[in-house]
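Examination of the molecular architecture
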Amino acid sequence: MSYLTKNIRNFWDDEAGTAVIETAIIFPMLMTTLVAMSVYFNAFRVKSVNLKAAYTISDMVSRVVPILTPDFVDGLGTMYQFLSGSGNPTWIRLTLVRFKDNDPALTSDDEYIIEYSYGTNGQPPHTDATLVNIKDKIPKMVDGDTTYVMETHMRFIPMFSIGLNEYDLDHVIMTRPRSVPACWQTCIN
């Protein structure tokens, strides 16, 4: 019996091979943590790049000659797709809104009038009915003043499914024209 007890005790006290067992336990947790960190880092990077791309094309619109065409807006959509680096479909919608203050003493009669609107990749232009959805984001302006409403959309799909679902990156950016008020093909001679 002492022979059997001695062998069991030697087996119990033997520490050879514990590094392999510890590695087998820790390695999957380490790899999961590294993958999760890369997914979340990429999500923040994509969000930042997307916002910068949206502000870039919005600023481009404010600096152009004031005659805008659908081809120009389609080109902005292509530029946005390139700057955002998205492999997924994106769209933009550019709307020129004019503010009309009927009575300065009343805020209930303020109007936002759509001068023109155009969306890329099948996105419909704004109408008075759809402008209501973003009206609270448009600032109150001086009577007759205009602003560009640049809306951008991109779908983010994470590389791995580690607690982060797909989501849309939508931005609404207001930019005042830097020159004379723009027109939508109507001022072309």
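Attention here is on the structure that accompanies the text. (Residues numbered from 1 in each chain as written. Predicted model: local features only at pLDDT ≥ 70, side-chain atom pairs only at ≥ 80, totals over all residues. Heavy atoms only, no water.)

A short note on the pattern of salt bridges
On inspection of all chains with the given rule, the structure shows seven salt bridges. Two residues, E151 and R93, come together in a salt bridge whose shortest N-O distance is 2.9 Å. With a gap of 58 residues between them, E151 in strand β4 (residues 146-156) and R93 in strand β2 (residues 90-101) connect regions that are remote in the sequence. Residue classification places R93 among the buried positions, given a relative accessible area of 9%. Put simply, D145 and R176 hold a salt bridge, and the shortest N to O gap is 3.2 Å. (Salt bridge = Lys/Arg side-chain N within 4 Å of Asp/Glu carboxyl O. Helix = DSSP H or I, 4+ residues; strand = E, 2+ residues; numbered from the N terminus. Buried < 20%, exposed > 50% of the residue type's maximum accessible area, 1.4 Å probe, protein only.)

A look at the nonpolar core
The biggest cluster of nonpolar side chains holds 23 residues, and the ones touching the most others in it are V61, L68, Y80, I92, L94, Y148 and M150. Counting only elements with at least two residues in this core, the list comes to α2 (18-63), α3 (70-84), β2, β4 and β5 (167-175). (Core = buried A, V, L, I, M, F, W, Y, C linked by side-chain atoms within 4.5 Å.)

Notes on helix α1 (residues 2-13)
The end-to-end C-alpha distance of α1, which contains twelve residues, comes to 16 Å, matching closely the 16 Å that a straight helix rising 1.5 Å per residue would cover. With zero of twelve residues buried, α1 lies mostly on the surface of the structure. (Expected span 1.5 Å × (residues − 1).)

Topic: the sheet that holds β4
Overall, antiparallel pairing links the four strands, which are arranged β3-β2-β4-β5 in an open sheet. Two strands lie at the open edges of the sheet, namely β3 (110-119) and β5, each paired on one side alone. Taken pair by pair, the neighbouring strands of this sheet meet at an average axis angle of 20°, ignoring direction. The pairing of β4 with β5 spans nine bridges and is antiparallel. Note on β5: the bridge partner recorded for M154 is L169. The strands touched by α2 within the sheet are β2, β4 and β5, with β4 carrying the most contacts at an inclination of about 150°. Packing of α3 onto the sheet brings it into contact with β2, β3 and β4, and relative to β2 it is tilted by some 125°. (Pairing = 2+ DSSP bridges. Axes fitted to C-alpha atoms, helices over the stretch in contact; angles between N-to-C directions. Contact = heavy atoms within 4.5 Å.)

Some words on the packing of aromatic side chains
Summed over the entire model, instances satisfying the criterion amount to two aromatic pairs. Seen from their ring centres, F99 and Y112 are 5.2 Å apart, and the 55° between their planes marks the pair as tilted. Note that F99 is positioned in strand β2 and Y112 in strand β3, a separation of 13 residues in sequence. Taken together, a centroid distance of 5.2 Å and an interplanar angle of 50° make the contact between F156 and Y167 tilted. Within this pair, whereas F156 is found in strand β4, its partner Y167 is found in strand β5, the two being separated by eleven residues in sequence. Here Y167 falls in the partly exposed class, since its relative accessible area comes to 25%. (Phe/Tyr/Trp six-rings, centres within 6.5 Å; stacked < 30°, edge-to-face > 60°.)

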